[in-house]
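Residue-level structure breakdown
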Amino acid sequence: MAMKQTQTKLFDFSDVGLDFCAGSKNLFPDRFKKMLALGYNEQTVSSVAITGNQVTLSYGVSHGYVADRVLKVNAPELLSINGGEFVIDSVTENTVTMTIDGAPALIAGNFTTKVASLGYQLVYEQNPVQLYKFKALDESDLFLRLVFTTAFTNINTVSVCIGAHADIATGVITD
């Protein structure tokens, strides 16, 4: 099932694999990287049950996912459908159920899933700076530069700059 145009990728700072609080200054660069580019909370699926367009992934352990997150599913059978990203409809402690139109009748287990990132590309990183490339609505490239607070005595802040051009070698927005 293709995600609706209005579907939003949700994150919560208490999510398993993303957990941090506003006072966790040292964790900010890693957590932003997870949300923007990497994804988080990677788990291995042990088996899959399919009933119509309802796909239930079973994990051998408690997975920590919650409903309404977008899951990146790395099953070869699903990567060609919506880029392998699907909204979680419901969860139990060790299962996740999603609606996937056009899902194959059989999906083998033993693949990984994780909460999907926003799909940005990390093109420069040197503490305390991260530079990401992403697409604007017109499909042109844009750059996001984040500079994280490093001084122990300062409050926790992230300085943000967005531009159409950047020097990837230095991590600087150039317009």
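None of the values given here were measured: they were computed from a predicted structure. (Residues numbered from 1 in each chain as written. Predicted model: local features only at pLDDT ≥ 70, side-chain atom pairs only at ≥ 80, totals over all residues. Heavy atoms only, no water.)

Moving on, we get to the pairing of strand S1 (residues 40-51). Note: S1 against strand S6 (residues 111-115), 4 bridges, orientation antiparallel. The residue of S6 that forms the bridge with Val45 is Phe111. Sheet topology places S1 next to strand S2 (residues 54-59); 6 bridges connect them, and they run antiparallel. The partner of Val48 across the bridge, within S2, is Leu57. Counted between consecutive antiparallel strands, the loop separating S1 from S2 contains 2 residues, among which Gly52 sits at a positive phi close to 65 degrees. (Pairing = 2+ DSSP bridges. Helix = DSSP H or I, 4+ residues; strand = E, 2+ residues; numbered from the N terminus.)

Take the pattern of salt bridges next. Using the criterion set out here, one finds 7 salt bridges in the structure. Of the charged contacts, one joins Lys34 and Asp30 as a salt bridge, the two residues approaching to 3.7 Å between their closest N and O atoms. Of the two residues, Lys34 and Asp30 both sit in helix H1 (residues 28-38), 4 residues apart, roughly one turn of that helix. Classification of Asp30 by relative accessible area gives partly exposed; the value is 30%. With its nearest N and O atoms 3.8 Å apart, the salt bridge here joins Lys133 to Asp141. In this structure Lys133 comes out as partly exposed when scored by relative accessible area, which is 25%. Overall, Asp141 belongs to the partly exposed group, its relative accessible area being 30%. (Salt bridge = Lys/Arg side-chain N within 4 Å of Asp/Glu carboxyl O. Buried < 20%, exposed > 50% of the residue type's maximum accessible area, 1.4 Å probe, protein only.)

On to H1. Counting buried positions over the 11 residues of H1 gives 8, a clear majority of the element. Those residues of H1 that sit buried are Phe28, Pro29, Arg31, Phe32, Lys33, Lys34, Met35 and Leu36. Lining the buried residues of H1 we find S1, strand S7 (121-126), strand S8 (129-135), strand S9 (141-148) and strand S10 (158-163). Just past H1, the residue Gly39 takes up positive phi, approximately 85 degrees. (Contact = heavy atoms within 4.5 Å.)

Residue Pro128 follows Asn127 across a cis peptide bond; omega there is 10 degrees. Mapped onto the fold, Pro128 is located in the loop between S7 and S8. Positive phi outside glycine occurs at Asn41, with the angle close to 60 degrees. Structurally, Asn41 is set in strand S1. The phi torsion at Asp68 lies on the positive side, around 80 degrees, for a residue other than glycine. Mapped onto the fold, Asp68 is located in the loop between S2 and strand S3 (70-73).

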